[in-house]
Amino acid sequence: MDIKDNEKVLTVKDWIIIQIIMMIPIVNIIMWIKWLVSDKTNQNLKNFLIASLVMIVIGMIIWFLSMTFLMTSSMQ
C-alpha cells in the first residue's frame with residue numbers, strides 16, 4: 001500500500017518547525033493561508049490548522065459576549 005506524501009505522519013521535528021513558524025508574527029498568518037489552500041499540505045497539519053481556527057473563533061465569540069456583558073452591567 002502506497003501512502004501519499006500529504007498523508008504521512010508528521011515527525012516531532014516537523015511539529016517543532018511548524019511551532020517555530022507559528023511564533024513569528026505576520027509569517028504565521030501567511031503560512032496558515034498557504035498551508036490551508038495548498039493541496040500538498042499534510043492532512044494532519046491541515047486538520048490541526050482548521051481546529052485551531054475553530055478554537056480562535058470560539059474564543060473571540062466568548063470574549064465579545066463577556067465584554068458586551070461587562071459593558072452593559074457597568075452602565076447600570
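Treat the numbers as computed from the prediction; the structure is a model and nothing was measured.

> Tell me what's going on with helix α3 (residues 43-74), and back it up with residues and numbers.
An ideal rise of 1.5 Å per residue puts 46 Å on 32 residues; α3 measures up with 46 Å between its terminal C-alpha atoms. Here α3 has its buried residues at L45, K46, L49 and S52. The secondary structure elements touched by the buried residues of α3 are α1 (12-22) and α2 (27-37). Where α3 begins, the side chain of N42 points an oxygen toward the backbone nitrogen of N44, at a separation of 2.7 Å.

> Go over the packing of α1 against α2 with me, naming the residues and quoting the values.
Between α1 and α2, whose axes approach to 8 Å, the crossing angle comes to 125 degrees. Considered as vectors, α1 and α2 are oriented oblique to each other. Between α1, through I18, I21 and M22, and α2, the contact on the second element is made entirely by V27, N28, M31, W32 and W35. For the contact of α1 with α2, the residue count by class is 7 nonpolar, 1 polar and no charged.

> With reference to specific residues and values, describe a nonpolar patch on the surface.
On the surface, a cluster of nonpolar side chains totalling about 850 Å² of accessible area is made up of V57, I61, W63, F64, L65, M67, F69 and L70. Judged by its relative accessible area of 54%, W63 is exposed.

> Kindly report on the packing of aromatic side chains, identifying the contributing residues and their values.
Going through the model one piece at a time under the given rule, you end up with 1 aromatic pair. When the centroid spacing of 5.5 Å and the interplanar angle of 75 degrees are considered together, the rings of W15 and F48 count as edge-to-face. Linking W15 in helix α1 with F48 in helix α3, this pair joins segments that are 33 residues apart in sequence. A relative accessible area of 27% places W15 in the partly exposed class.

> Give a description of α2 that names residues and reports values.
Within α2, the full set of buried residues consists of N28, M31, W32 and W35. Burial along α2 is one-sided: seen end-on, the buried residues are contained in an arc of 105 degrees. Exposed and oriented more than 90 degrees from the buried face of α2 are I29, I30, I33 and V37. Its buried side turned inward, α2 meets α1 and α3.

Definitions and limits used
- Residues numbered from 1 in each chain as written.
- Predicted model: local features only at pLDDT ≥ 70, side-chain atom pairs only at ≥ 80, totals over all residues.
- Heavy atoms only, no water.
- Helix = DSSP H or I, 4+ residues; strand = E, 2+ residues; numbered from the N terminus.
- Expected span 1.5 Å × (residues − 1).
- Buried < 20%, exposed > 50% of the residue type's maximum accessible area, 1.4 Å probe, protein only.
- Contact = heavy atoms within 4.5 Å.
- Polar contact = N/O pair within 3.5 Å; in protein donor to acceptor, adjacent residues only side chain to side chain.
- Axes fitted to C-alpha atoms, helices over the stretch in contact; angles between N-to-C directions.
- Parallel < 35°, antiparallel > 145°, perpendicular 65-115°, else oblique.
- Nonpolar A, V, L, I, M, F, W, Y, C, P; charged D, E, K, R; others polar.
- Patch = residues over 30% accessible without salt bridge, like charges linked within 9 Å, V, L, I, M, F, W, Y side chains within 5 Å.
- Areas by Shrake-Rupley, 256 points an atom, 1.4 Å probe, with all protein chains shown as cover.
- Salt bridge = Lys/Arg side-chain N within 4 Å of Asp/Glu carboxyl O.
- Phe/Tyr/Trp six-rings, centres within 6.5 Å; stacked < 30°, edge-to-face > 60°.
- Arc of directions from axis to C-beta.

Honestly, that's just the spatial picture; any functional story needs more than this.
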